[in-house]
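Residues per chain are reported as follows:
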Amino acid sequence: MITVPVKYPDQFSFAECLVFLSRSDRECLHFVKDGCLQRMIIQDGAPLLLKVREAASKKALEVTVTNTWGITVNEEAIRNFLTHWLHLDADLQPFYQFAAQDEILAPLVQRYKGLRLIGIPDLFESITWTITGQQISLPFAYTLRRRLVERFGYHEVINGEDHYLYPHPAVIAGLQPEDLTSMQFSRSKAQYIIGIAAAMADGRLSNAQLQQMEYEAARQYLLQWKGVGNWSANYVLMKYCRFPEALPLEDAGLHNALRRQLQLTAKPVLAAVKAYTEHWKHHAAYATFYLWRSLS
């Protein structure tokens, strides 16, 4: 059993996080079952299945590890992985104080109190997920992602169940566009995804470079890659890099959520979205995430 502390546990709801993590029945990288979150990771070249539950104290998560290869488990790496993925070290009090004064956000933070901004713990996955999801519905985006993972990702059967890892950039870099268009990716998306994979495989695009940058420099750095626009860049900076000011302004889900909360007859135009969100500043990422949650 590995204990993973939750910083500011009075601001954390594992149940709310599980609701968000259960939003698609086409998800294949993690599972939620009987209040337990399951996900496979790789350590030292070996698969480990993590089963995550909330501790009775509600101040920590408890992780059991299925280690069929018998390697020495790096417990600190598992703590770091879960802390980053579930944002367990976040202090939500400043956001909650801000949201309490906002007509759009105030009811949401009451309704979903304790929800952390669930991230994407892999840079390649976060970038290519945004490319996959451009100009299509969320269910179809999940379908394409699942096809990609099941065909090119790492697969392991543990305790009789299938578990997958997102494909490694080096694997995707070796593909031809036809390998993805045959799975219903558009040709442009196929080219963009393979291009991002090649850049990551040879080190031109890396987490180490992003980690050294402030928000605006990181946004400009991502924008140089084909297939990455302002929405994609901000999504990655929000979900992977954890920049609190990252705002995917063009996001259709954000627009729909604003329409519902404001009881508008149609989605707001981009200029109106800018007006509604311009005061969010360093609360933009969490404000966006709570509005996404309202669509579930």
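Here the structure is a predicted model, which is why all the values come from computation and not from measurement.

Counting its regular elements, the chain contains 15 helices and 7 strands. Over its C-alpha atoms the chain spans a radius of gyration of 19 Å, differing by no more than 12% from the 19 Å that the globule rule assigns to 296 residues. For the chain, the spread of C-alpha atoms along the three principal axes comes to 50 × 50 × 35 Å. Looking at the chain as a whole, 52% of its 296 residues qualify as buried. Of the accessible surface of the chain, which amounts to about 13500 Å², a share of 50% is contributed by carbon and sulfur atoms. When the 30 positive and 29 negative side-chain charges of the chain are each reduced to one mean point, those points stand 5 Å apart.

Further remarks concern the sheet that holds strand β5 (residues 60-66). With antiparallel pairing, 5 strands are arranged side by side in an open sheet as β1-β5-β4-β3-β2. In this open sheet, the two edge strands, each paired with only one partner strand, are β1 (2-5) and β2 (30-33). With direction set aside, neighbouring strand axes in the sheet form an average angle of 30°. Bridge analysis of β2 against strand β3 (residues 36-43) gives 4 bridges, and the strand direction is antiparallel. Across the sheet, residue Phe 31 finds its bridge partner in β3, namely Gln 38.

Below, the discussion takes up the nonpolar core. By size, the foremost hydrophobic cluster in this structure holds 98 residues, and its most contacted members are Leu 180, Leu 222 and Tyr 290. A per-element tally of this core places helix α15 (residues 284-293) first, with 8 residues. Setting aside chain neighbours within four positions, we find Leu 180 in contact with Leu 148, Phe 152, Leu 175, Phe 185, Ala 190, Ile 193 and Ile 194.

If you check helix α2 (residues 75-86), its first and last C-alpha atoms are 17 Å apart, about what 12 residues at 1.5 Å a residue would give, namely 16 Å. Of the positions making up α2, those classed as buried are Ile 78, Phe 81, Leu 82, Thr 83, Trp 85 and Leu 86. Of the surrounding elements, those touching the buried residues of α2 are β1, α1 (14-21), β2, β3, β4 (46-54) and β5.

All right, on to the side chain of Asn 234 then. With respect to the secondary-structure elements, Asn 234 resides in helix α12 (residues 230-239). Those residues in contact with Asn 234 that lie beyond four places of it in its chain are Tyr 215, Arg 219, Ala 246, Leu 247 and Pro 248.

Here the focus is the packing of aromatic side chains. For the structure on display, the rule yields 15 aromatic pairs. Between Phe 81 and Trp 85, the aromatic rings sit 5.8 Å apart at their centres with planes inclined by 45°, giving tilted as the arrangement. Residue Phe 81 and its partner Trp 85 are located together in helix α2, separated by 4 residues, close to a single helical turn. Residue Phe 81 is classed as buried on the basis of its relative accessible area, which comes to 18%. Measuring from centroid to centroid gives 5.9 Å for Tyr 215 and Phe 243, while their planes differ by 65°, and the two rings are edge-to-face. Of this pair, Tyr 215 sits in helix α11 (residues 215-223) while Phe 243 sits in the loop between α12 and α13 (252-262), and the two are 28 residues apart along the sequence.

Each value, and the rule that gives it
Residues numbered from 1 in each chain as written. Predicted model: local features only at pLDDT ≥ 70, side-chain atom pairs only at ≥ 80, totals over all residues. Heavy atoms only, no water. Helix = DSSP H or I, 4+ residues; strand = E, 2+ residues; numbered from the N terminus. Rg over C-alpha atoms; globule rule 2.2 N^0.38 Å. Buried < 20%, exposed > 50% of the residue type's maximum accessible area, 1.4 Å probe, protein only. Areas by Shrake-Rupley, 256 points an atom, 1.4 Å probe, with all protein chains shown as cover. Lys, Arg positive; Asp, Glu negative; His and termini not counted. Charge placed at Lys NZ, Arg CZ, Asp CG, Glu CD. Pairing = 2+ DSSP bridges. Axes fitted to C-alpha atoms, helices over the stretch in contact; angles between N-to-C directions. Core = buried A, V, L, I, M, F, W, Y, C linked by side-chain atoms within 4.5 Å. Contact = heavy atoms within 4.5 Å. Expected span 1.5 Å × (residues − 1). Phe/Tyr/Trp six-rings, centres within 6.5 Å; stacked < 30°, edge-to-face > 60°.

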